Amino acid sequence: MRALALSLMIIAGVAAAAPESSKRPVARAGTDARNVVREAAVAPVVPTVVSALPQAAVLPERATSLRPFLRPKAVVEKAMARRAERQRGQVCGDPDLQGDVVGFVPGRINGCGISEAVRVRSVSGVTLSQSALMDCTTAKALKKWTESGAKPALRNTGGGLASYRVAAHYACRTRNNQRGARISEHGKGRAIDISGFQLKDGTSLTVLNDWNSRHRRALRSMHKSACGPFGTVLGPNSDRFHRDHFHFDTARYRGGPYCK
């Protein structure tokens with residue numbers, strides 16, 4: 001009995017010195033104190049785990065996956081075939097330039113000819129009324145103007161731009177076909193003349209008829225935006241030779257582009 005009383009006094013003293021909250025279980029009323037001591041001695045101490053994640057970081061019960069659904073095999077095969085076709089038809093190393101590689105084109109007079117010619121059929125999805133013979137520098141300038149000038153200017157007109165009406169491309173001749181004049185940039189594969197624009201709804205616009213029509217803002221915007229991609233830009237306000245078309249070429253001048 002004395003030993004039991006001494007044990008109870010020790011337990012009571014420890015309990016009094018313990019902190020207010022303890023990780024050890026508290027004995028229930030009526031439980032033998034000796035069992036409490038024995039169980040407490042052998043019971044493992046399990047630390048309290050506090051979640052490191054803030055409340056906002058708790059994931060919802062059903063997380064939405066960012067992975068798209070698998071496309072049907074037929075859709076994938078069609079897209080791959082279209083890509084392969086574009087790559088086969090590309091010129092100048094650009095799938096947006098569709099056409100044929102021609103190579104060397106000799107000139108019938110001195111100063112004419114193209115060392116590495118291509119025949120362009122479409123540019124950034126815009127078809128040409130006739131395949132145009134030119135060099136890659138001119139083809140790339142035509143693409144740049146198509147995407148940055150022509151398409152934006154007609155974006156809200158007739159459903160957008162569908163095709164160009166090509167008035168002239170490569171031709172071994174002098175400037176404006178004038179006797180004694182210098183060789184035209186057309187004779188070097190560096191120029192293209194565009195006289196009209198076909199829209200997706202079937203509407204046709206021409207430089208001759210629409211330069212001063214209700215579509216004049218779009219045509220003048222296209223003319224202005226070509227100055228930069230091309231070194232020479234001529235239109236109805238330049239001279240009588242260009243009243244019905246835009247002349248674009250990639251000749252470069254020391255003072256910058258010549259646009260009129």
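Located above this text is the structure these notes cover.
Described in the following lines is the structure provided in the data block.

Cut-off values and rules
Once a new chain begins, its residue numbering starts again from 1 and follows that chain's sequence as written. The predicted origin of the model limits local features to residues at a pLDDT of at least 70 and limits the giving and counting of side-chain atom pairs to 80 or more, whereas totals for whole chains, interfaces and linings rest on all residues. Based on all heavy atoms of the structure, the side-chain values leave hydrogens and waters out of the count. Only runs of H or I of at least four residues qualify as helices and only runs of E of at least two qualify as strands under DSSP, and these elements are numbered from the N terminus. Relative accessibility under 20% of the residue-type maximum defines a buried residue, over 50% an exposed one, and the middle range a partly exposed one, all with a 1.4 Å probe and only protein chains included. Here, Shrake-Rupley sampling with a 1.4 Å probe gives the accessible areas, and only protein chains in the shown set may cover a residue. Polar contact criterion, stated in full: a pair of N or O atoms within 3.5 Å, where within protein one must be able to donate a hydrogen and the other to accept it, and residues adjacent in sequence count only if both atoms are side-chain atoms. Two residues form a contact once any of their heavy atoms are found within 4.5 Å. Two strands form a pair only when DSSP identifies at least two bridges running between them. Assignment of crossover handedness uses the view with strands pointing away from the viewer, where a clockwise path from the first strand over the helix to the second indicates a right-handed crossover. By definition, disulfides here are pairs of cysteine sulfur atoms that lie within 2.5 Å. Under the convention used throughout, the expected extent of a helix is 1.5 Å for every residue step, that is, one less than its residue count. A residue's bend is given by the angle between axes fitted to the 7 residues ending at it and the 7 residues starting at it.

**Examining the overall build of the protein**
Helices and strands together make up the secondary structure of the protein, namely six helices and ten strands. Taking all 260 residues of the protein together, 34% fall into the buried category. Put simply, the protein shows about 17700 Å² of open surface, and 53% of that area lies on carbon and sulfur atoms.

**A word on the side chain of His186**
In this structure, His186 sits in the loop between strand E5 (161-168) and strand E6 (191-199). Since its relative accessible area comes to 1%, His186 is described here as buried. Side-chain polar atoms of His186 contact the backbone oxygen of His169, separated by 2.7 Å. Once residues within four sequence positions are removed from consideration, His186 is found in contact with Ala168, His169, Tyr170, Ala171, Arg173, Ala191, Ile192, Asp193 and His247.

**A closer look at the pairing of strand E9 (residues 246-249)**
Along E9, one buried face is formed by Phe246 and Phe248 and the opposite face, lined by His247 and Asp249, is buried too. With four bridges connecting them, E6 and E9 associate as antiparallel partners. Among the inter-strand pairings, Ile194 is bridged to a residue of E9, identified as Phe246. Bridge analysis of strand E8 (residues 232-234) against E9 gives three bridges, and the strand direction is antiparallel.

**Some points on the pairing of E5**
Sheet topology note: the strand E4 (residues 126-135)/E5 ladder contains two bridges and is parallel. From the neighbouring strand, Leu128 faces E5, where its bridge partner is Tyr164. With helix H4 (residues 136-153) bridging E4 and the parallel E5, this β-α-β connection has left-handed handedness. Sheet analysis places E5 next to E6, joined by six bridges and oriented antiparallel. Paired with Val166 across the strands is Ile194, a residue of E6.

**Some remarks on the state of the cysteines**
With the rule as written, the count across this model stands at three disulfides. The partner cysteine of Cys92 in its disulfide is Cys136, sulfur to sulfur 2.1 Å. When the S-S torsion is -90°, as for the bridge of Cys92 with Cys136, the disulfide is left-handed. Here Cys92, found in the loop between strand E1 (90-91) and strand E2 (94-106), pairs with Cys136, found in helix H4; they are 44 residues apart in sequence, far enough to count as distant. In this model, Cys227 is linked to Cys259 through a disulfide, with the two sulfur atoms separated by 1.9 Å. Here the S-S torsion is close to 90°, and the disulfide linking Cys227 with Cys259 is therefore right-handed. Taken together, the positions of Cys227 in the loop between helix H6 (216-225) and E8 and Cys259 in strand E10 (residues 258-259) put the pair 32 residues apart, joining distant regions of the chain. Its relative accessible area of 30% is what places Cys259 among the partly exposed residues.

**Examining H4**
Every α-helical turn comprises 3.6 residues, leaving residues that sit three or four positions apart pointing alike. With 18 residues, H4 extends 24 Å from end C-alpha to end C-alpha; this agrees with the ideal 26 Å at 1.5 Å per step. At Thr146, H4 is bent by approximately 50°, the largest bend along its length. Of all the residues in H4, the buried ones are Thr138, Ala139, Ala141, Leu142, Lys143, Trp145, Thr146, Gly149, Ala150 and Ala153.

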